[in-house]
Amino acid sequence: MQTLKSLLVEQFRPKQMGEVLLVKRLREQLEQYQDTNILLHSPPGMGKTSVAKILVAGHEDDLLLINGSKENGIDVIRTEVSNFCMTMSVYGGKKFILIEECDGLTEQAWNALRAVMEECSEHVRFIATCNYIQKIPAPILSRFTCINFEPANNAEREELRSLYEGRVLWVLNQLGVQASDDTIREIVNRKFPDMRSIYNDIELQVNAIKEGENRVIRVSTYESATYNHLFAIAMSGDPDPIRNYKYTLVEEPQVEHVILAFSKHFPDYFIKYARSSEDLAKLPMLIMTIADSQRDIKSVPDKVIALSAMILRLQKILGGEK
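Each value, and the rule that gives it
Residues numbered from 1 in each chain as written. Predicted model: local features only at pLDDT ≥ 70, side-chain atom pairs only at ≥ 80, totals over all residues. Heavy atoms only, no water. Phe/Tyr/Trp six-rings, centres within 6.5 Å; stacked < 30°, edge-to-face > 60°. Helix = DSSP H or I, 4+ residues; strand = E, 2+ residues; numbered from the N terminus. Buried < 20%, exposed > 50% of the residue type's maximum accessible area, 1.4 Å probe, protein only. Lys NZ or Arg CZ within 6 Å of the ring centre and 35° of its normal. Pairing = 2+ DSSP bridges. Axes fitted to C-alpha atoms, helices over the stretch in contact; angles between N-to-C directions. Contact = heavy atoms within 4.5 Å. Polar contact = N/O pair within 3.5 Å; in protein donor to acceptor, adjacent residues only side chain to side chain. Salt bridge = Lys/Arg side-chain N within 4 Å of Asp/Glu carboxyl O. pLDDT = per-residue confidence, 0-100. Expected span 1.5 Å × (residues − 1).

### Considering the packing of aromatic side chains
Next up, step 1: Applying the stated criterion across every chain yields a total of 3 aromatic pairs.
Next up, step 2: Summarising the aromatic geometry, the rings of phenylalanine 12 and tryptophan 170 are spaced 5.5 Å apart at their centres and angled 80° between planes, so their arrangement reads as edge-to-face. Of the two residues, phenylalanine 12 sits in the loop between helix H1 (8-11) and helix H2 (24-32) while tryptophan 170 sits in helix H7 (residues 154-174), which places them 158 residues apart along the sequence.
Next up, step 3: Ring geometry for tyrosine 164 versus phenylalanine 192: centroids 5.3 Å apart, planes at 65°, classification edge-to-face. Residue tyrosine 164 is located in helix H7, and its partner phenylalanine 192 is located in the loop between helix H8 (181-191) and helix H9 (195-207); the two are separated by 28 residues in the primary sequence.
Next up, step 4: The exposure class of tyrosine 164 is buried, given its relative accessible area of 1%.
Next up, step 5: The lysine or arginine in question, arginine 161, covers the ring of phenylalanine 192, its NZ or CZ lying 4.3 Å from the ring centre.

Structure (structure tokens):
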């Protein structure tokens, strides 16, 4: 029986293109445009990063990786990107620049990047990913082949849903966990088409199975997934407001229930998965913070924001901030 030693999304991240969950149209497009600048776009969790990493695999010596949500200013383009483009490939071929979350780049950075792309088009290939293509300037889009990972129609949605269900069944088999067809459909439908969130939910459900219990996930036990995945986010040590808000989006009528359920179960989860004795010592402060959030939810107009703020406070406490 396999145990969880790392996040499922990384443990089962595709290593080659044949392993990526792609509808037929996308697979054909990626094969057709292998030698062009490519911009992969869609909502989160649909495989863009996996595909981008596969496209640059084997070129690590000729690769520059930029995270547009963190390295988003003009200085990064003027120094790192420009300097990288000025040198020749180690092996005499093309060099690669992978810009993840490129929709985080500033307008000044895009203007500088446009000039760099024109100057080094002969020997540098750009691959980028983003969640919000509307943030990318038109002159930049014209320099990329843009590939949308979202299903184009109902037929593609069902094709992708079927691929997801097959992958969930395979992952559960690898983990020695059983689930009915109805439960697998429920697991997929809750977060479709965000496969990353589906992995996170599976991980928390598998971790919740106590030693000695039958390793089975049922629809009834899966109900807790709406708030369970928040535990891992709260303990991630990555206080990113944008990412938090994205992951804490739930239906407005459910928010109070989510906070109450979170409050009830978080201490036990935290004690089980705390990283150190120093973190365990922060439990009283975490509990008081959750209690404050329960009071806030009664008075604030946007309850989803209140939920996101609670997660952010917990992350900051665990990260050493008060």
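### Overview of the sheet that holds strand E3 (residues 95-100)
Next up, step 1: Ordered by their spatial adjacency, 5 strands build an open sheet running E2-E3-E4-E1-E5, and the pairing between neighbours is parallel. Of all the strands in the sheet, just strand E2 (63-67) and strand E5 (145-148) have a single pairing partner and so form its edges. Ignoring which end each strand starts from, the neighbouring axes of this sheet average 15° apart.
Next up, step 2: Inspection of the sheet shows strand E1 (residues 38-41) paired to E5 by 4 bridges, in the parallel sense. Bridge pairing in E5 links leucine 40 to isoleucine 147.
Next up, step 3: Where helix H4 (residues 74-86) meets the sheet, its contacts fall on E2, E3 and strand E4 (124-130), and the angle it forms with E2 comes to roughly 165°.

### Side note on the environment of arginine 13
Next up, step 1: Mapped onto the elements, arginine 13 comes out in the loop between H1 and H2.
Next up, step 2: What makes arginine 13 buried here is its relative accessible area of 18%.
Next up, step 3: With 183 residues separating them in the primary sequence, arginine 13 and arginine 196 have C-alpha atoms 9.8 Å apart.
Next up, step 4: Aside from chain neighbours lying at most four places away, what touches arginine 13 is Leu8, Thr49 and Ser50.
Next up, step 5: Of note is the side chain of arginine 13, whose polar atom sits 2.8 Å from the side chain of serine 50.

### Here we look at the pattern of salt bridges
Next up, step 1: Tallied over the entire structure, the rule returns 7 salt bridges.
Next up, step 2: Where glutamate 186 meets arginine 190, a salt bridge forms, and the shortest distance between an N and an O atom there is 2.7 Å. Residue glutamate 186 and its partner arginine 190 are both found in helix H8; the two are separated by 4 residues, about one turn of the helix.
Next up, step 3: By relative accessible area, which is 24% here, glutamate 186 ends up partly exposed.

### Some remarks on the confidence of the model for the protein chain
Detailed reading of the predicted coordinates is not advisable wherever pLDDT is low.
Next up, step 1: For the protein chain, the average pLDDT comes to 82, and 85% of its residues sit at 70 or higher.
Next up, step 2: Of all helices and strands in the protein chain, the one with the weakest mean pLDDT is helix H12 (residues 241-247) (55), whereas E1 scores best (96).
Next up, step 3: Within the model, pLDDT remains below 50 along residues 1-5, and this stretch shows 15 contacts once partners closer than five positions in the same chain are excluded.

### Some points on H7
Next up, step 1: Taking 1.5 Å per residue, 21 residues should reach 30 Å; H7 reaches 30 Å between its end C-alpha atoms and fits that length.
Next up, step 2: Taken together, the buried residues of H7 touch H2, strand E6 (178-179), H8, H9 and strand E7 (216-217).
Next up, step 3: For H7, the N-terminal cap is asparagine 153; the gap from its side-chain oxygen to the backbone nitrogen of alanine 155 is 3.2 Å.

### Some remarks on the environment of isoleucine 287
Next up, step 1: Locating isoleucine 287 in the fold gives a position in helix H15 (residues 283-296).
Next up, step 2: Accessibility expressed as a relative area gives 42% for isoleucine 287, which makes it partly exposed.
Next up, step 3: For the pair isoleucine 287 and lysine 264, spaced 23 residues apart in sequence, the C-alpha separation works out to 10.0 Å.

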